[in-house]
Amino acid sequence: MNILMITDNDPAGMGIAFTNAINRYTEHRCRLITTSEKYGFDYEKDIHLPDIKDDDFNEIEHLLKHTDIIHFHVLRDENSHLGPLIIRDYIKGKKILHHDHGHPDHIINADFYNEKYKKLKRKVIVSTPDLLKITKNSTWVPNLVPINDVHFLPLYDFLLDQDIIKISQSPTRKYHKHTKEFKHVMAKIQNKYPYVQSIIIENQPYVECLKIKRACNIVFDHMRGWFGISSLESLSQGKPVIAGLDEWNIQYIKEFTGANELPWIVARDETSLEKSFHLLIQNSELRNSIGMKSRKFMEHFWTEKKVLEILLNIYEQL
């Protein structure tokens, strides 16, 4: 199959991550077209519209004509353009898939999008289990990270600077990721443990963000019940990861992975978050043990191939 992914900005780098994984592990061929960039993350790109020179859209038109599947990410659909090319002019005979990544407009207007995809008889996949609650007739396809690429390999706690304990968070939207609560708890933690350093990673290129997190001892995701890409990246890097997973998400993760125990440290409020920090700060052996379990969990249960099995099965059913 020839697969063409189309998105505005690449959502958490998942467009290029899935593209690379498909090309790396399957006989299918996938290309990615992006039209814009948000937050300055500088994810790896395939075809990026602002980079096109001399108005040469021949390659894009060739891909539109010869693809078997058009995989739209976020809110993109055929009623938009790629430069001078209108996507709907090329969809006849194509299979189409929509991929919801939790865009705020989609969440706020869930009924509109549910009705839209129902009328179009389109298949929808979602990036995290919580989105199944609002996106009707959808399927969860887990996000993935290339766990064997160098930036995702562990630098275990005992190899880090033990004079400073670094605790980090990398929120895309701070108002949505409990950054205010994280700061409040860390202020109390640092009063007791002056050698603890709080790091909020923002406005950094993606690779630099990964380097900073890899040099940290503990990573906080958020407490909204689900988990972000930050969790998967840091688990792969062998870190203790704290997130407020709820029972809905825990159940879906266990069903996907087949694991009886999950590596996340669950904290659903400031009290449990502070308690978790205390335990991890005081015990380097515990940090290292949890970190190694985090890495093994990703190696055994959350590989690119395992995720692709779900996506490719959906492609076959379109």
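Below: a short report on this structure. (Residues numbered from 1 in each chain as written. Predicted model: local features only at pLDDT ≥ 70, side-chain atom pairs only at ≥ 80, totals over all residues. Heavy atoms only, no water.)

**Concerning the sheet that holds strand β12 (residues 218–220)**
Paired through backbone hydrogen bonds, the strands of a sheet run either parallel or antiparallel to each other.
Working step 1: The strand order β11-β10-β12-β13-β14 describes an open sheet built from five strands, whose pairing is parallel. Bordering the open sheet on either side are β11 (196–200) and β14 (265–266), each of which pairs with just one other strand.
Working step 2: Packing against the sheet, helix α7 (residues 229–236) makes contact with β12 and β13 (241–243), and its axis sits at approximately 155° to β13. (Pairing = 2+ DSSP bridges. Helix = DSSP H or I, 4+ residues; strand = E, 2+ residues; numbered from the N terminus. Contact = heavy atoms within 4.5 Å. Axes fitted to C-alpha atoms, helices over the stretch in contact; angles between N-to-C directions.)

**Some remarks on the packing of aromatic side chains**
Working step 1: In the structure shown here, the tally under the stated rule is 18 aromatic pairs.
Working step 2: Pairing phenylalanine 227 with tryptophan 302 gives two aromatic rings, centres 5.7 Å apart and planes at 85°, and the pair type is edge-to-face. Note that phenylalanine 227 is positioned in the loop between β12 and α7 and tryptophan 302 in the loop between α10 (284–301) and α11 (304–317), a separation of 75 residues in sequence. For the residue pair phenylalanine 227 and tryptophan 302, the accessibility class agrees, reading buried in each case.
Working step 3: Ring geometry for tryptophan 264 and tryptophan 302: centres 6.4 Å apart, planes at 70°, overall edge-to-face. With a gap of 38 residues between them, tryptophan 264 in the loop between α8 (247–257) and β14 and tryptophan 302 in the loop between α10 and α11 connect regions that are remote in the sequence. The exposure classification of tryptophan 264 matches that of tryptophan 302, with both residues buried.
Working step 4: Grouped by ring-pair contacts, the aromatic residues Trp140, Phe227, Phe256, Trp264, Phe297, Phe301 and Trp302 constitute a single cluster. (Phe/Tyr/Trp six-rings, centres within 6.5 Å; stacked < 30°, edge-to-face > 60°. Buried < 20%, exposed > 50% of the residue type's maximum accessible area, 1.4 Å probe, protein only.)

**Some details on the pairing of strand β2 (residues 29–34)**
Working step 1: Relative to β2, strand β1 (residues 2–7) runs parallel, the two sharing six bridges. Each bridged residue has a counterpart across the sheet, and for asparagine 2 the counterpart in β2 is arginine 29.
Working step 2: In this region the chain leaves β1, passes through helix α1 (residues 14–25) and returns to the parallel neighbour β2; the handedness of that crossover is right-handed.
Working step 3: Where β2 lies against strand β3 (residues 47–48), two bridges are found, and the strand directions are parallel. Bridge pairing in β3 links threonine 34 to histidine 48. (Right-handed = clockwise from strand over helix to strand, strands pointing away.)

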